[in-house]
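An overview of the molecular structure
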Amino acid sequence: MKPAAPVIDPEKILRDLRELWAQLAKDQGSAGGVLRACSMTLIVVAEPDDEADAESARTTIGVLMHGHPSRAIVLRPREGGEFSGRVFAECWMPFGGQQQICSEGIEITADSEQSDEVARLLVPLIAPDLPVVLWCRGPRAFLDRSLDPFFPLANKIIFNTRAVRHPTSAIEFLRRMRKDGRQVADLAWTRLTGWREAVAHLMDACDDGWLAAASGEVRIEYGGGRPGTRSLYFARWMERALPGVNVTLIPVTGGPGVHSVVFAGRGAETSVRLGEGSSLEVRTAERSYSAVLPPDSEECLMREELSILGRDPVFERVLG
Amino acid sequence: MTDSNPFADPLRFERQVPECAIVIFGANGDLTKRKLIPSLYRLAYERRLPATVSIIGTSRTPLGDDEFRGKMRDSVKEFLEDSPFDEDQWTGFAKGLHYIAGDLSDPKLYSAIKDKLTALGRTNVLYYLSTQPSYYGEVVERLGAAGLGHTTAQGWQRIVVEKPFGHDLASARELNQRIHGVFDEADVYRIDHYLGKETVQNILAFRFGNGIFEPLWNRRYVNHVQITAAESIGLEGRGAYYQEAGAVRDMIQNHLLQVMATVAMEPSAAYEPDAVRDERAKLLRSIRILRPEEVPLYAVAGQYAGFRHEPGIDPSSQTPTYAAASFYIDNWRWAGVPFYIRSGKKLPKRTTEIAIQYNTAPHALFTPDAGGVTMRPNLLILRIQPEEGISLRFLSKQPGSGMRLRPVSMDFNYGVSFGERSPTAYETLLEDALTGDATLYTRQDMVEASWQVVMPILEDWANRKFEYPNYDPGTWGPTASDEMLARQGHVWRNS
């Protein structure tokens, strides 16, 4: 049976927020006061019944606030959970600064089946006139339709297909959403930025030999037993960039993700391979060098996505 | 990344500085210690420089590589802005620091630089002139004589020239000519660190990224513009330089005219180096040149009490520590709108801002009432430093009965909306030069146009004897400056 209608009054949450700010101002009054910062609403959907995931989300939000101060709304779905809401603030002192900067947050706990009601509650809680980003942390969006009511609220929806069981279906789901006019992102794609950048810089510094190599075939080696979304994205990106070139995905032993890309043709080979630590080993006919992969922590990936609030034409082309 | 690169993704990929060397002339000077090395360290800290970057410092002082590294380490620790010092990061960065002692007039210095670059395998080289300006021409010519300074298929060779670019129009032209004897104009980066400030760049974003301000950005709505660069400090050890330069050469000819050009220029067709610089140059060329007889009416010189007792200053010095001028722009957008510019030392506080004063409402609808105001022009303040941001002042009804109006301010604070640290001007400009982006650098025609604007003032003042001092430290400058605005019905915004 569907749980009872929500008992949270959005006006009360907004009132709590005002009181929170008044209290912060009072507490910090003698120390230079606080500055209220907000550049977007960030709605974060934690995994159902997963306290650790919700805590991890809160930690990441705390880091993200420094660069992307926002009104964060954390949704904690809980089986049979009571509908409740509370407000919080994330504050930090900029290096060398004298005034604390604070961003506000709202945490809502609700039964997993109450998505429609929660979505209605969110409407008045969204900071007006600013972008709204929805971050669906786990694979739930691909398993059932429970997150669908939240999609129309957001200007951008960030998914993470890293752990999905059916990568091709997940990509198809994102492609459909894009076709429906939604702006979507996938942290699995964001993880490829370091790889893609290394290949792009290789192209910039290319000589005729590398161009010849790229005109033959491209072999992408991946681990994890089957190609995940990262490997599939990488292959599609290559196909879009080098039309007519044969791109092959080859399984190798090792952890999931891309392990190497080899451009081969006319007797020449250029390769980019996963090296020690977080580096890539680039080898051309003329020289070898290392490129450092950027950190792929959740906050780094999210920071990259939050800095792109408009269209992302390259990812859109890859989705097709 | 080139436009033709099929893998390009400008939304996500950082600009990449290629393997290169930076050769700093004047490596023992203040600029290197306070700005250049801390900025380069910070770029390295953020992985915006290749791990293999080489920095070669040169100056007359005999030092070994390790001594130079030690001195630079102390400087970075002292002058790094808004960042912690990371010992591990420094260790990696310091490996790329090298030092060559030598005389700028000695060809052996340039041979040694060439040998060092060859030994390091660096073909992309950025030379940075941070020496006494009188050496600029000679250094460039000696680089050329040593076979350095020419961009080839093997690598680029660029030069960054610090201000001042000459001490008048003739010397600026001569310097440009000597530089062009070795470097192409495309490889010459004349640095004006004001243009690298985030808040100055934000003027372009504010004007051309929004739809609502540009329609109000013209003679029909704007009454006048005030550009102020006030310093509360005095010479701070720069007596020898400042005595020769004075306020016009130190601030107005370069920084403030560039800021004025940014405020008043037409939109460029694209945000590309030459498109933006063309518009800045056009604006600078549109500034009306004062006739000699107009200078006393439109320009004011000042010197603070006590300046002549500063170390290194001539007791009868005629150097102005304060300068104010009224400029007009002869184009359709700005015809008749005064742009007042002032800069001075020992003023009440440190502030750089642009105040755009709009015309008052055409008709006073509200009658005067005790304690209230009826008419007050709207003011748009673009704050460059400190407390970077934008404020709009307008009238609002005072709460309570009756219709009393009171000015209120709507504020945007740069640091609050973007909680992360902004790069310093030198970080931005150094990275730009290393990636070949000259948008924020000044071009020969811009430099010459701005000299042309100030030359009548400099020539007039050189031929007059002022009754100095004419303002006290901690005041807003000489009364003649207030009178200059009063003649046009305006007052300085002193707050």
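Here, the structure is the one placed above.
Residues numbered from 1 in each chain as written. Chains lettered and ligands numbered in written order. Predicted model: local features only at pLDDT ≥ 70, side-chain atom pairs only at ≥ 80, totals over all residues. Heavy atoms only, no water.

**Considering the overall build of chain B**
Broken down by element type, chain B carries 15 helices and 14 strands. Against the globule reference of 23 Å for 495 residues, chain B gives a C-alpha radius of gyration of 24 Å, in line with a compact fold. A buried classification covers 53% of the 495 residues belonging to chain B. A total of about 21400 Å² of accessible surface is found on chain B, and carbon and sulfur atoms cover 50% of it. A distance of 4 Å separates the average location of the 55 positive side-chain charges in chain B from that of its 62 negative side-chain charges. (Helix = DSSP H or I, 4+ residues; strand = E, 2+ residues; numbered from the N terminus. Rg over C-alpha atoms; globule rule 2.2 N^0.38 Å. Buried < 20%, exposed > 50% of the residue type's maximum accessible area, 1.4 Å probe, protein only. Areas by Shrake-Rupley, 256 points an atom, 1.4 Å probe, with all protein chains shown as cover. Lys, Arg positive; Asp, Glu negative; His and termini not counted. Charge placed at Lys NZ, Arg CZ, Asp CG, Glu CD.)

**Quick look at the overall build of chain A**
Across its full length, chain A holds 11 helices and 14 strands. Expressed along its principal axes, the backbone C-alpha trace of chain A runs to roughly 70 × 55 × 35 Å. When burial is assessed residue by residue, chain A has 53% of its 320 residues classed as buried. Only carbon and sulfur atoms are counted for the fraction: they give 50% of the accessible area of chain A, which is about 14200 Å². In chain A, which carries 37 positive and 44 negative side-chain charges, the distance between the mean positions of the two groups comes to 3 Å.

**Topic: the pairing of strand 14 (residues 288-292) of chain A**
Residue and element names in this part refer to chain A. Pairing between strand 13 (residues 279-283) and strand 14: 5 bridges, direction antiparallel. Residue Leu280 lies in a different strand from strand 14, and its bridge partner there is Ala291. If you look at the hairpin formed by strand 13 and strand 14, you'll find 4 residues sitting between the two strands. (Pairing = 2+ DSSP bridges.)

**Some words on the sheet that holds strand 10 (residues 246-251) of chain A**
All names here are of chain A. One open sheet accounts for 6 strands, arranged 10-9-11-12-13-14; its pairing is mixed. The sheet terminates laterally at strand 10 and strand 14, the two strands that pair on one side only. Here the strands of the sheet are splayed against their neighbours by 15° on average, with no regard to which way each runs. In terms of strand pairing, strand 9 (residues 217-223) meets strand 10 through 6 bridges, oriented parallel. Bridge pairing in strand 10 links Arg219 to Thr248. Contacting strand 9, strand 10 and strand 11 (257-265), helix 9 (residues 229-241) crosses the sheet at an angle of about 25° to strand 11. (Axes fitted to C-alpha atoms, helices over the stretch in contact; angles between N-to-C directions. Contact = heavy atoms within 4.5 Å.)

**With respect to unusual backbone geometry**
All names here are of chain B. Cis geometry is found at the peptide bond from Gln385 to Pro386, where omega equals -15°. Within the secondary structure layout, Pro386 lies in the loop between strand 12 (379-385) and strand 13 (389-397). Look at the link from Tyr468 to Pro469: it is a cis peptide, with omega at -5°. Relative to the elements of secondary structure, Pro469 occurs in the loop between helix 14 (444-462) and helix 15 (479-486).

**Quick look at helix 13 (residues 425-435) of chain B**
Most of helix 13 of chain B sits inside the fold, with 10 of its 11 residues counted as buried. Those residues of helix 13 of chain B that fall on the buried side of the exposure criterion are Ala425, Tyr426, Glu427, Thr428, Leu429, Leu430, Glu431, Asp432, Ala433 and Leu434 of chain B.

**Examining the environment of Gln385 of chain B**
Residue and element names in this part refer to chain B. Secondary-structure assignment places Gln385 in strand 12. What Gln385 contacts, discounting residues up to four positions off in sequence, is Tyr194, Lys197, Arg350, Thr351 and Thr352. A distance of 2.8 Å separates polar atoms of two side chains, one belonging to Gln385 and the other to Lys197. A polar contact is formed between the side chain of Gln385 and the side chain of Arg350, at a distance of 3.5 Å. (Polar contact = N/O pair within 3.5 Å; in protein donor to acceptor, adjacent residues only side chain to side chain.)

**Things to note about the interface of chain B and chain A**
Each partner contributes to the interface: chain B provides 21 residues, whereas chain A provides 35 residues. When chain B packs against chain A, close to 2300 Å² is buried across both sides, 61% of that on carbon and sulfur atoms. A salt bridge links Asp312 of chain A to Arg12 of chain B, with the nearest nitrogen and oxygen atoms 2.5 Å apart. Taken together, the connections running from chain B to chain A amount to 6 residue pairs in polar contact (both at pLDDT 80 or more). (Buried area = accessible area lost by both parts, 1.4 Å probe. Salt bridge = Lys/Arg side-chain N within 4 Å of Asp/Glu carboxyl O.)

**As for a negative patch on the surface**
Residue and element names in this part refer to chain A. A contiguous patch of negative charge on the surface is contributed by Asp49, Asp50, Glu79 and Glu113. Residue position: Asp49 is located in the loop between strand 2 (41-45) and helix 2 (51-67). Judged by its relative accessible area of 45%, Asp49 falls in the partly exposed class. (Patch = residues over 30% accessible without salt bridge, like charges linked within 9 Å, V, L, I, M, F, W, Y side chains within 5 Å.)

**Overview of the packing of aromatic side chains**
Summed over the entire model, instances satisfying the criterion amount to 32 aromatic pairs over all chains. Aromatic side chains Tyr233 of chain A and Phe315 of chain A sit 5.4 Å apart centroid to centroid with 75° between the ring planes, which places their arrangement in the edge-to-face category. On the criterion of sequence distance, the pair formed by Tyr233 of chain A in helix 9 and Phe315 of chain A in helix 11 (residues 313-319) is long-range, its members being 82 residues apart. A relative accessible area of 0% places Tyr233 of chain A in the buried class. For Phe315 of chain A, a relative accessible area of 1% corresponds to the buried category. Plain terms: the ring middles of Tyr298 of chain B and Tyr328 of chain B are 6.3 Å apart, the flat faces sit at 90° to each other, and that makes the pair edge-to-face. Taken together, the residues Tyr298 of chain B in helix 11 (residues 295-298) and Tyr328 of chain B in strand 9 (residues 322-328) connect sequence positions 30 residues apart. (Phe/Tyr/Trp six-rings, centres within 6.5 Å; stacked < 30°, edge-to-face > 60°.)

**Here we look at empty space enclosed by the protein**
Residue and element names in this part refer to chain A. Under the counting rule described, the total for this entry stands at 7 cavities of 30 Å³ or more. Of the pockets and cavities examined, the largest cavity occupies roughly 100 Å³. The wall of the largest cavity is formed by 14 residues, among which Leu75, Pro77, Ala110, Val118 and Phe150 lie closest to the centre. Looking at the lining of the largest cavity, the elements with two or more residues in it are strand 3 (71-77), strand 5 (100-110) and helix 3 (115-125). Class assignment for the residues of the lining of the largest cavity results in 7 nonpolar, 4 polar and 3 charged. (1 Å grid on protein atoms, 1.4 Å probe; cavity = no way out; pocket = protein on both sides within 12 Å on 5 of 7 lines; lining within 4 Å. Points joined across faces, edges and corners; volume = space filled by probe spheres on them. Nonpolar A, V, L, I, M, F, W, Y, C, P; charged D, E, K, R; others polar.)

**A look at the sheet that holds strand 9 of chain B**
Residue and element names in this part refer to chain B. Across the sheet, 8 strands lie side by side as 8-9-10-7-11-12-13-14; this open sheet has mixed pairing. The open sheet is flanked by strand 8 (299-302) and strand 14 (405-413), the only strands paired with a single partner. Recorded for the sheet is a direction-independent mean angle of 15° between the axes of neighbouring strands. Contacts between helix 15 and the sheet are confined to strand 7 (222-230), strand 8, strand 9 and strand 10 (338-344), with strand 9 contributing the most and set at about 15° to the helix.

**Remarks on the nonpolar core**
In this structure, Phe25 and Phe327 of chain B are the most contacted members of the largest nonpolar core, which totals 143 residues. At 12 residues, helix 9 (residues 239-264) of chain B tops the list of elements feeding residues into this core. Other than its neighbours up to four places away in sequence, Phe327 of chain B contacts Ile252, Leu257, Met260, Ile287, Val337, Pro338, Phe339, Ile341, Val453 and Ile457 of chain B. One finds Phe159, Met238 and Leu319 of chain A together with Phe7 of chain B within the second-largest nonpolar core, a separate group that totals 73 residues. (Core = buried A, V, L, I, M, F, W, Y, C linked by side-chain atoms within 4.5 Å.)

**As for the state of the cysteines**
All names here are of chain A. Overall, the coordinates contain 1 disulfide over all chains when judged by the stated rule. One disulfide bridge connects Cys91 with Cys102, the sulfur atoms lying 2.0 Å from each other. Disulfide Cys91 to Cys102: torsion about the S-S bond roughly 110°, handedness right-handed. Taken as a pair, Cys91 in strand 4 (residues 84-92) and Cys102 in strand 5 lie far apart in primary sequence, 11 residues in all. By relative accessible area, Cys91 is classed as partly exposed at 31%. Left unpaired, Cys38 is separated from the closest cysteine sulfur, that of Cys102, by 13 Å. (Disulfide = S-S within 2.5 Å.)

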